[in-house]
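# Structure assessment
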Amino acid sequence: FDARLRLVNAGAARIATVESHASHVDHGKSQISAGTTDAYYMLHIQNRGTSVHRQGGRMTTIGPGDLAFVDATRPYDVVFDDEASFLVCRLTASALTSRFINADDFVAKRFFADSAGTRIVRNCIEALWQESQARELVADSLIEELIAENLRFAAHDSVHWDARDEKAKRCGQAVRIVEQRMAETDLEVGALADEMGMSLRSLQKVFAANGTTPSE
């Protein structure tokens, strides 16, 4: 992991700015056993470049403005294919588990940059970082609780964005089928729905979510 880090304490949380070359962070059993006995999560906010996060059989790619988090008590890896900059915030597990029914449902998931929840988390951590440059932040649990509560809202907000992303993927799949079969005289909306294994109404909803119709 070839990077430059600047670290500050923010109450029970830790925040770092990272400038990294292309790297592969492999957090395996040896790193876990050598680390702290306290359970914690690592929150990753991408500023420049992209990164791939893997944990528990899930994989996601995040870009500028997006965020993702992982459970540091279990193996994970993060890959930067090129130079990247990002913010990392370490939160104790208790701060999240008291707010999430199951925080593991959200590890290695993309929180979209355009969602209100993601923006709130990003703005909060960026503001705390800037504040830490002027003075020492109060060493109590309130700062960590503020971040964790914002992250809980972002997780709730991400459910809507996951659904929108899935509809966009299905719309793209349908468009590719149409492009391949455009010359066929029997191509119609009903046949397209059948090929995709969807009802006609479901297919129409997919296109409506993307501001168009199957016929268009």
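You'll find the structure just up there.
Residues numbered from 1 in each chain as written. Predicted model: local features only at pLDDT ≥ 70, side-chain atom pairs only at ≥ 80, totals over all residues. Heavy atoms only, no water.

## Looking at the environment of Val-25
By secondary structure assignment, the location of Val-25 is in strand E3 (residues 23–27). Judged by relative accessible area, Val-25 falls into the partly exposed class, the value being 22%. Those residues within four positions of Val-25 in sequence are excluded, and the remaining contacts are Phe-1, Tyr-76, Asp-77, Val-78 and Phe-80. (Helix = DSSP H or I, 4+ residues; strand = E, 2+ residues; numbered from the N terminus. Buried < 20%, exposed > 50% of the residue type's maximum accessible area, 1.4 Å probe, protein only. Contact = heavy atoms within 4.5 Å.)

## A look at the sheet that holds strand E7 (residues 67–71)
Here we have five strands laid out as an open sheet, ordered E1-E2-E9-E4-E7, and antiparallel in their pairing. Since the sheet does not close on itself, it has two edges, and those belong to strand E1 (3–10) and E7, each with one partner. Here the average twist between neighbouring strands, direction ignored, is 20°. The pairing of strand E4 (residues 40–48) with strand E9 (residues 84–92) spans eight bridges and is antiparallel. Opposite Tyr-40, over in E9, you have Thr-92 as the bridge partner. Together, E1, strand E2 (13–20), E4, E7 and E9 form the strand contacts of helix H3 (residues 116–134), whose direction differs from that of E1 by roughly 85°. (Pairing = 2+ DSSP bridges. Axes fitted to C-alpha atoms, helices over the stretch in contact; angles between N-to-C directions.)

## Points about the layout of surface pockets
Approximately 580 Å³ is the volume found for the largest pocket. Considering the residues around the largest pocket, the lining is formed by 25 residues, among which Phe-1, Leu-5, Met-42, Tyr-76 and Val-88 are closest to the centre. Contributing elements (two or more residues each) for the lining of the largest pocket: E1, E2, E3, E4, E7, strand E8 (76–80) and E9. In terms of residue count, the dominant contributor to the lining of the largest pocket is E2 (four residues). Residues belonging to the lining of the largest pocket are distributed by class as follows: 18 nonpolar, four polar and three charged. (1 Å grid on protein atoms, 1.4 Å probe; cavity = no way out; pocket = protein on both sides within 12 Å on 5 of 7 lines; lining within 4 Å. Points joined across faces, edges and corners; volume = space filled by probe spheres on them. Nonpolar A, V, L, I, M, F, W, Y, C, P; charged D, E, K, R; others polar.)

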